[in-house]
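For reference, the chains in residue letters:
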Amino acid sequence: MAVSATATSTRAVKDTAKLFSARMAAAAFSVAFTAWLIRLIPTEELAVWPIALALAAAVEALASLGMGDTFVRRIPRYLAEGERAAAGALLRTGLILNLIGCAVVTALLVISSEWTARNLLGDASQAGLVNSLALMVFLTAVEKRLAWAMKATQQFGRTAALDLFARVARMPLAVALYLHMGMGGVLVAFALVPAMQCVVV
């Protein structure tokens, strides 16, 4: 049975409010831990953080294959028209292609770990750290793909809950692991949180 346009719009407004509230609450909680972590990390190690975020964004963009807009536009339309089979087929195909893209781009990062360490970190001996960074990048990209799927299927409440968990858990865990493992611990924390999100999804 097709869902009315009014019901879909009302649900979208309510779920968007949930997402916004979750992000505001998480930001307020994590800002203190972020400041603490930045003060703990020496200047020469702090450069790894923006590099990690930039690589994660690059992998996500390349692995998405430009399908984000298709997910957002087509799948909700199919669901509203009652065409669940078409929505499911598009969702499965998109996720499979995106996951393959994530794996390929991450594999290239691992293969070029020594080059990446030498040119981005200034130390070829940090190839092991780059491999940890590659794991974080891969899991983050996969989590983003799954988040797309949930948003496309109008599961905004669940998306808000997972987003809140990630934003609340990430920085305290990063601080704790940095104190025990150094910069590698920060990357482990940034890999563990999206991994747990993927398991929950």
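Every chain's residues receive numbers from 1 upward, in the order its sequence appears when written. Given that this is a predicted model, residues contribute local features only at a pLDDT of at least 70 and side-chain atom pairs are listed and counted only at 80 or more, while totals for whole chains, interfaces and linings are drawn from all residues. In computing side-chain properties, one takes all heavy atoms of the structure into account and sets aside hydrogens as well as water.

Draft legend 1. Seen up close, the overall build of the protein. In this description a helix means any DSSP run of H or I spanning at least four residues, a strand means any run of E spanning at least two, and both kinds are numbered starting from the N terminus. Counting its regular elements, the protein contains nine helices and zero strands. Among the 201 residues that make up the protein, the fraction classed as buried is 39%. Throughout, a residue-residue contact means that at least one pair of heavy atoms, one from each residue, lies within 4.5 Å. Considering only contacts in the protein between residues 6 or more positions apart, those separated by 24 or more positions represent 73%. Here the open area of atoms and residues is found with the Shrake-Rupley method and a 1.4 Å probe, where only the protein chains shown may cover a residue. As displayed, the protein has an accessible area near 10700 Å², and 68% of this comes from carbon and sulfur atoms. Throughout this description, buried means an accessible area under 20% of the type-specific maximum (1.4 Å probe, protein chains only), exposed means over 50%, and partly exposed covers the range between.

Draft legend 2. Structural context of the nonpolar core. Core analysis: the largest hydrophobic core is formed by 31 residues, its most contacted members being Leu37, Leu133, Val186 and Phe190. Of all elements in the fold, only helix 3 (48-63), helix 5 (84-111), helix 7 (127-152), helix 8 (156-181) and helix 9 (183-200) reach the threshold of two or more residues within this core. If one sorts the elements of this core by residue count, helix 7 sits on top with eight residues. Residue contacts for valine 186: discarding those within four places in its chain leaves Leu37, Ile41, Ala174 and Tyr178. In terms of nonpolar packing, the next biggest core, distinct from the first, is built from ten residues, Ile75, Tyr78, Val142 and Leu146 among them. To form a nonpolar core, buried Ala, Val, Leu, Ile, Met, Phe, Trp, Tyr and Cys residues must be joined to one another through side-chain atoms within 4.5 Å.

Draft legend 3. Spotlight on the environment of alanine 160. Checked against the element boundaries, alanine 160 lands in helix 8. Sequence separation between alanine 160 and threonine 16 is 144 residues; the distance between their C-alpha atoms is 8.7 Å.

Draft legend 4. The arrangement of the environment of leucine 187 in detail. Considering the arrangement of structural elements, one finds leucine 187 in helix 9. For leucine 187, a relative accessible area of 3% translates into the label buried. Sequence separation between leucine 187 and alanine 52 is 135 residues; the distance between their C-alpha atoms is 8.2 Å. Not counting residues within four places of it along the chain, the set of residues in contact with leucine 187 comprises Val48, Ala52, Leu129, Ser132, Leu133 and Met136.

Draft legend 5. Structural view of the environment of methionine 150. Take methionine 150: it is sitting in helix 7. For methionine 150, a relative accessible area of 5% gives the class buried. Each C-alpha atom of the pair methionine 150 and leucine 91 lies 9.9 Å from the other, and the pair is 59 residues apart in sequence.

Draft legend 6. Examining helix 5 more closely. What a helix is expected to span follows from its residue count: subtract one and scale by 1.5 Å. End to end, helix 5 covers 40 Å across 28 residues, agreeing with the expected 40 Å (1.5 Å per residue, within 8%). Among all positions of helix 5, only Ala87, Gly88, Leu90, Leu91, Gly94, Leu95, Asn98, Gly101, Cys102, Val105, Thr106 and Leu109 are buried.

Draft legend 7. Local environment of the side chain of serine 113. Among the secondary structure elements, serine 113 is positioned in helix 6 (residues 113-121). Definition of a polar contact: a pair of N or O atoms within 3.5 Å, with one able to donate and the other able to accept a hydrogen when the atoms are protein atoms, and with sequence-neighbouring residues admitted only if both atoms are side-chain atoms. In terms of polar contacts, serine 113 uses its side chain to reach the backbone carbonyl oxygen of valine 110, at 3.1 Å. Those residues in contact with serine 113 that sit more than four places away from it in its chain are Ala127, Val130 and Asn131.

Draft legend 8. Main features of the side chain of threonine 106. For threonine 106, the location among the structural elements is in helix 5. Residues within four places of threonine 106 in sequence aside, it is in contact with Val59, Ala134 and Phe138.

Draft legend 9. Inspection of the packing of aromatic side chains at higher detail. Aromatic rings from Phe, Tyr and Trp, with only the six-membered ring used for Trp, were paired whenever their centres fell within 6.5 Å, and each pair was classed as stacked if the ring planes differed by under 30 degrees, edge-to-face if by over 60, and tilted otherwise. Here the structure, examined in full by the defined rule, presents one aromatic pair. Here the aromatic rings of phenylalanine 33 and tryptophan 36 are separated by 6.3 Å at their centres, their planes lie at 35°, and the arrangement is tilted. In this pair, phenylalanine 33 and tryptophan 36 both sit in helix 1 (residues 5-40), three residues apart, roughly one turn of the helix. By relative accessible area, phenylalanine 33 is classed as partly exposed at 23%.

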